[in-house]
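Understanding the architecture of this molecule
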Amino acid sequence: MKVRIDNVTKTFGQTTAVSNFSAELEDGHLICLLGPSGCGKSTLLNMLCGIIPVSQGQIYFDDKDVTKLPPDQRNIGMVFQNYALYPHMTVAENIAFPLEIQKVKKDERKARVEEIAKLVHVDNLLRRYPSELSGGQQQRVAIARAMVKKPQLLLMDEPLSNLDARLRLEMREEIRRIQKETGITTVFVTHDQEEAMSISDSILLMKDGVLIQSGLCQELYINPNCLFVAEFLGNPPANKITQDDKILAIRPEAFTLDPNGTEAEIQFISEMGKDQIVTMTYLGNTVRAILNLEDSALSDGSKIKVSVKQKGLFTFDKEGRRI
């Protein structure tokens with residue numbers, strides 16, 4: 001299902017949480033709503049599902065205006081940050097609950113529960129209760145419950161934030177696998193840019209309730225339209241150097257060792273596989289560079305010479321607009 005958001009605004013009293021937001025979400029894609037905490041991502045998601053009413057603008061599912069429809073008439077599935085499983089129900093009963101509400105017959109309920117449980121790899125846990133499950137297993141059950149009613153749109157609000165780093169990585173890959181296998185249009189809210197870039201087809205990057213830039217993940221990384229995008233995407237983040245009336249943003253991987261380059265002084269070195277993250281003084285600024293320092297004798301205080309590749313170097317004016 002294709003989703004169109006037309007000039008949507010949400011205000012709470014004098015506070016504007018989302019401002020004049022417009023975007024088209026492609027059918028069958030996994031789209032990440034990305035941005036810092038408090039930027040309006042979850043508010044926008046809740047308007048898509050109908051939990052929060054729209055102050056201005058329209059939302060369309062395909063060509064149908066759903067702006068004023070309640071959640072139960074939008075054919076959506078929702079996965080929350082806290083899983084929201086019923087502790088007194090088994091896994092099977094939790095997954096089947098939306099079908100009971102829809103008064104689906106018992107035999108069909110059982111078949112659909114088994115089908116979706118197999119898809120999300122919890123088919124061996126159907127008789128257990130939520131308290132007997134790990135965090136990752138609970139999240140799989142929550143996804144199964146959201147998808148068992150065959151929604152046209154799956155909405156996920158920070159679904160991995162309660163998991164440890166290893167489980168986050170595992171569930172990130174599982175969510176991508178499930179989305180690919182089902183082809184369901186999915187909107188995934190996160191503040192983690194690494195998570196967004198690894199899981200999504202495209203990104204909607206927000207700040208202060210406004211859509212700053214949208215597009216394919218690599219497009220935003222390679223061609224940021226403003227300083228905020230350049231700094232927000234990337235780990236380590238882009239280095240910011242102010243020169244007269246302009247600002248340079250340099251990605252750490254854009255630095256390269258060059259005997260004819262500009263001198264820099266190493267402050268300290270962090271190992272990262274075969275490469276090193278080198279914190280150094282460059283043009284009077286402290287910056288981080290990803291380099292392969294073949295000379296292991298280099299240490300804190302050592303002088304090196306570096307140059308900057310054009311790819312990964314961006315110029316902005318004082319207001320942060322791309323030059």
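Residues numbered from 1 in each chain as written. Predicted model: local features only at pLDDT ≥ 70, side-chain atom pairs only at ≥ 80, totals over all residues. Heavy atoms only, no water.

**Structural notes on the side chain of Glu174**
In plain terms, the rule: Helical segments are the DSSP runs of H or I of at least four residues, strand segments are the runs of E of at least two, and each set is numbered from the N terminus. Here a polar contact is taken to be a pair of N or O atoms separated by no more than 3.5 Å, where protein atoms must pair a possible hydrogen donor with a possible acceptor and residues adjacent in sequence count only if both atoms sit in side chains. What makes two residues a contact is simply this: any of their non-hydrogen atoms within 4.5 Å.
Mapped onto the secondary structure, Glu174 falls in helix H5 (residues 165-182). A distance of 2.8 Å separates the side chain of Glu174 from the side chain of Arg177, its partner in a polar contact. Apart from residues no more than four positions distant in its own chain, Glu174 is found in contact with His121 and Arg140.

**Thoughts on the sheet that holds strand S13 (residues 255-272)**
Let me state the cut-off plainly: Paired strands, as defined in this entry, are two strands with at least two bridges between them according to DSSP. Lines are fitted to the C-alpha atoms to define the axes, a helix being fitted only along its stretch in contact, and any angle between axes, read from their N-to-C directions, falls within 0 to 180 degrees.
Taking strand neighbours across the sheet as the criterion, the four strands line up as S15-S14-S13-S16 in an open arrangement whose pairing is antiparallel. The outermost strands of the open sheet, each flanked by one partner alone, are strand S15 (285-291) and strand S16 (303-308). The average angle at which neighbouring strand axes cross in this sheet is 50 degrees, direction not considered. Relative to S15, strand S14 (residues 275-282) runs antiparallel, the two being bridged by seven bridges. Each bridged residue has a counterpart across the sheet, and for Val278 the counterpart in S15 is Ala289.

**What about unusual backbone geometry?**
Omega for the bond connecting Asn235 with Pro236 falls within 30 degrees of zero, at 0 degrees, which places this linkage in the cis form. Within the secondary structure layout, Pro236 lies in the loop between helix H8 (227-232) and strand S11 (239-243). Look at His121: it is not a glycine, yet its phi comes out positive at around 65 degrees. In this structure, His121 sits in the loop between helix H3 (106-119) and helix H4 (135-147).

**Re the sheet that holds strand S9 (residues 202-207)**
Taken together, six strands build an open sheet; the order of strands is S6-S7-S8-S3-S9-S10 and the sheet is mixed. Of all strands in the sheet, those with a lone pairing partner are strand S6 (76-79) and strand S10 (210-216), marking the two edges. Neighbour-to-neighbour, the strand axes of the sheet open up by a mean angle of 15 degrees, direction not taken into account. Sheet topology note: the strand S3 (residues 30-34)/strand S8 (residues 185-190) ladder contains five bridges and is parallel. Counted as the bridge partner of Leu33 is Val189 from S8. Against the sheet, H4 contacts S6 and strand S7 (153-157), and its axis sits at roughly 165 degrees relative to S6.

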